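If you want the building blocks of each chain, they are given just below.
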Amino acid sequence: MLSIGAINLLVPDYDQAIAYYVDKLGFELLEDTPMGPNKRWVVVSPSGAQGCALVLSQAHSETEKQTVGQQAAQKVLLFLHSDDFWRDYHRYQAEGVNFLEAPREEPYATVVVFQDIFGNRWDLLQKKRNSDV
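Predicted, not measured: the structure shown is a model, and the values here were computed from it.

### Brief notes about the overall build of the protein chain
Alright, step 1. A tally of regular secondary structure across the protein chain gives 3 helices and 9 strands.
Alright, step 2. A globule of 133 residues ought to have a C-alpha radius of gyration of about 14 Å, and the protein chain, at 15 Å, matches this closely.
Alright, step 3. When its C-alpha atoms are laid out on the principal axes, the protein chain stretches across 45 × 35 × 25 Å.
Alright, step 4. For the protein chain, buried positions account for 35% of its 133 residues.
Alright, step 5. Of the contacts formed within the protein chain by residues at least 6 apart in sequence, a portion of 50% connects residues at least 24 apart.
Alright, step 6. On the protein chain, roughly 7900 Å² of surface is accessible, and the fraction owed to carbon and sulfur atoms is 51%.
Alright, step 7. Charged side chains of the protein chain number 12 positive and 18 negative; the gap between the two group centres comes to 4 Å.

Below you can see the structure in the form of structure tokens.
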């Protein structure tokens, strides 16, 4: 059996990214290990989640810096599943998360798109029964 363990996400600054994902989105800091000059192994994940995590990688080259927030162009990059959409939506609203639209009902989920502080688009969604999204 195979599974995706982590996704690499380019960020401009480790500490700024940790503050956003942990303090605003309520993620857990799973690891923050120095790996030499200007490099750390930083892993975050939604609190209590099992499975895939985000490895936060600080952009250093000009190409990497230009890619921050644009890893999926203008498409949604990440899908954050919720077991209580409205609870999480209202919590994120109170935290000042930048929503790009109003919540909507789709055949597969209740969903809303938000943008993190680096420009990456996320879906916050609660799947409907029998949905594979």
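Anyway, onward from the coordinates.
### Re the sheet that holds strand β3 (residues 40-46)
Alright, step 1. Spatial strand order, β1-β4-β3-β2: 4 strands in an open sheet with mixed pairing. Each having just a single partner strand, β1 (6-11) and β2 (27-34) make up the two edges of the open sheet. Pairs of neighbouring strands in the sheet enclose a mean axial angle of 25°, with direction left out of account.
Alright, step 2. Pairing analysis gives 7 bridges linking β2 to β3, with the strands arranged antiparallel. Each bridged residue has a counterpart across the sheet, and for Glu-31 the counterpart in β3 is Val-43.

### Quick notes on the packing of aromatic side chains
Alright, step 1. This structure, assessed with the given rule, holds 12 aromatic pairs.
Alright, step 2. With 5.8 Å between their ring centres and 10° between their planes, Phe-85 and Tyr-89 make a pair best called stacked. Highlighted residues: Phe-85 and Tyr-89, both in helix α3 (residues 85-94), separated by 4 residues, approximately one helical turn. There is no split in this pair, since Phe-85 and Tyr-89 are both buried.
Alright, step 3. When the ring of Trp-86 is compared with that of Tyr-89, the centres are 5.7 Å apart and the planes differ by 85°; the resulting orientation is edge-to-face. Placement of both Trp-86 and Tyr-89 in helix α3 is noted, with a separation of 3 residues, approximately one turn of the helix.
Alright, step 4. On the basis of relative accessibility, which here comes to 9%, the residue Tyr-89 falls in the buried class.
Alright, step 5. An aromatic cluster is present here, built from Tyr-20, Tyr-21, Phe-27, Phe-85, Trp-86, Tyr-89, Tyr-92, Phe-99, Phe-114, Phe-118 and Trp-122 joined pairwise through their rings.

### Comments concerning α3
Alright, step 1. For α3, every residue scored as buried is listed here: Phe-85, Asp-88, Tyr-89 and Tyr-92. Looking straight down α3, one finds that the buried residues subtend no more than 100° of arc, so they occupy a single side.

### Looking at the side chain of Asp-123
Alright, step 1. Mapped onto the fold, Asp-123 is located in strand β9 (residues 121-127).
Alright, step 2. It is Arg-104 that comes nearest to the buried, bridge-free Asp-123 among opposite-charge side chains, at 5.2 Å.
Alright, step 3. Residues contacting Asp-123, with those up to four places away along its chain left out, are Val-76, Leu-78, Phe-79, Leu-80, Val-111, Val-112 and Val-113.

Conventions used here
Residues numbered from 1 in each chain as written. Predicted model: local features only at pLDDT ≥ 70, side-chain atom pairs only at ≥ 80, totals over all residues. Heavy atoms only, no water. Helix = DSSP H or I, 4+ residues; strand = E, 2+ residues; numbered from the N terminus. Rg over C-alpha atoms; globule rule 2.2 N^0.38 Å. Buried < 20%, exposed > 50% of the residue type's maximum accessible area, 1.4 Å probe, protein only. Contact = heavy atoms within 4.5 Å. Areas by Shrake-Rupley, 256 points an atom, 1.4 Å probe, with all protein chains shown as cover. Lys, Arg positive; Asp, Glu negative; His and termini not counted. Charge placed at Lys NZ, Arg CZ, Asp CG, Glu CD. Pairing = 2+ DSSP bridges. Axes fitted to C-alpha atoms, helices over the stretch in contact; angles between N-to-C directions. Phe/Tyr/Trp six-rings, centres within 6.5 Å; stacked < 30°, edge-to-face > 60°. Arc of directions from axis to C-beta. Salt bridge = Lys/Arg side-chain N within 4 Å of Asp/Glu carboxyl O.

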